[in-house]
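# A structural walkthrough
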Amino acid sequence: MNGWFANVDWGDIGQACVDTLLMLGGSLLLTIALGLPLGVLLYLTADKQIAQNKLANGVLGVVINVLRSIPFVILLIVMIPLTVALVGTSLGVAGAIPPLVVGAAPFYARLVEGALREVDRTTIEAVQAMGTSTWRLITRALIPEALPGLIAGATITAVALVSFTAMAGVVGAGGLGDLAIRFGYQRFQTDVMVVTVVLLVLLVQAIQLIGDRLARHFTRR
């Protein structure tokens, strides 16, 4: 068994797993915190919605589409000056989180907008007929009704972030992707590559399982 994984340093693997989870957890929380309000704004300012505003919706849509269209590896490099200004470094876990958030938040915002569009129009009209404020409409009707879709969107985003954290290894962000690039690819250590890929696959499976269960739990029957 040891001969099969002669190049694998399990201590490095363990630290890489911790780094990957830290990058994933931190960036996912910030992505939801930023992407959720952006998605709500996209929905509310769209045609025939309560805060219809074609200019605001158009500008916000263009910004989100531009950010979504930039390949993540390029975004990592382009954002290095901003990342250094924000967190003091472009390396390690801290240096990876800003580009991860910028890359994932627009993606999640579109998923949020789609989930809100699935909310039954009669439910919204009933709440509006009660003279409720926009804030209460969002927090008492839209988000609760769309919660399964929002969770499903967060699950999809988390899976995308796993692949982003792997790509972040290109600029020395640490984590499993960094090990795969430095040892598995650059030093031709196939066993290291196999271990990192298997761990990333298991992580994605765990995220999907948890996300599916949460979405089913909050689905109103």
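The text that follows walks through the structure, step by step, so that each part is easy to find. (Residues numbered from 1 in each chain as written. Predicted model: local features only at pLDDT ≥ 70, side-chain atom pairs only at ≥ 80, totals over all residues. Heavy atoms only, no water.)

### Overview of the overall build of the protein chain
The helix and strand tally for the protein chain stands at nine helices and zero strands. In sequence order, the secondary structure elements of the protein chain are arranged as α-α-α-α-α-α-α-α-α. The dimensions of the protein chain, computed from C-alpha atoms along their principal axes, are 70 × 40 × 25 Å. Out of the 221 residues in the protein chain, the part that is buried amounts to 40%. (Helix = DSSP H or I, 4+ residues; strand = E, 2+ residues; numbered from the N terminus. Buried < 20%, exposed > 50% of the residue type's maximum accessible area, 1.4 Å probe, protein only.)

### Notes on a nonpolar patch on the surface
A cluster of nonpolar side chains, namely Val73, Ile77, Ile80, Val84 and Val170, defines an oily patch on the protein surface of about 360 Å² accessible area. Those elements that provide at least two residues to the nonpolar patch are helix 3 (72-78) and helix 4 (80-87). Among the structural elements, Ile77 can be located in helix 3. (Patch = residues over 30% accessible without salt bridge, like charges linked within 9 Å, V, L, I, M, F, W, Y side chains within 5 Å. Areas by Shrake-Rupley, 256 points an atom, 1.4 Å probe, with all protein chains shown as cover. Salt bridge = Lys/Arg side-chain N within 4 Å of Asp/Glu carboxyl O.)

### Points about the pattern of salt bridges
According to the stated counting rule, one finds two salt bridges in the structure shown. Across the pair Arg110 and Glu113 runs a salt bridge whose closest N-O atoms are separated by 2.9 Å. Of the two residues, Arg110 and Glu113 are both situated in helix 5 (residues 92-117); the distance of three residues between them amounts to about one turn of the helix. Relative accessible area serves as the criterion here: at 5%, Glu113 is assigned to the buried category. One salt bridge connects Arg117 with Glu113, and the closest N-O pair in it is separated by 2.8 Å.

### A few points about the environment of Met79
In this fold, Met79 is placed in the loop between helix 3 and helix 4. In sequence terms Met79 and Ala96 are 17 residues apart; their C-alpha atoms lie 10.0 Å from each other. If sequence neighbours within four positions are ignored, Met79 has contacts with Pro98, Pro99 and Val102. (Contact = heavy atoms within 4.5 Å.)

### Things to note about the side chain of Glu113
Looking at Glu113, its side chain comes within polar contact range of the side chain of Arg110, at 2.9 Å. For Glu113, the side chain forms a polar contact with the side chain of Arg117, separated by 2.8 Å. Sequence-distant contacts of Glu113, that is, excluding residues within four places in its chain, are made with Gly39, Leu42 and Tyr43. (Polar contact = N/O pair within 3.5 Å; in protein donor to acceptor, adjacent residues only side chain to side chain.)

### Considerations on the side chain of Thr155
Here Thr155 shows up in helix 7 (residues 134-167). For Thr155, a relative accessible area of 7% translates into the label buried. Discounting residues that sit within four places of it in the chain, Thr155 has contacts with Ile207, Gln208 and Gly211.

### Quick word on the environment of Val101
With respect to the helices, strands and loops of the structure, Val101 is situated in helix 5. What makes Val101 buried here is its relative accessible area of 9%. In contact with Val101, other than residues within four places in its own chain, are Ser27, Leu30, Thr31, Leu34 and Pro106.

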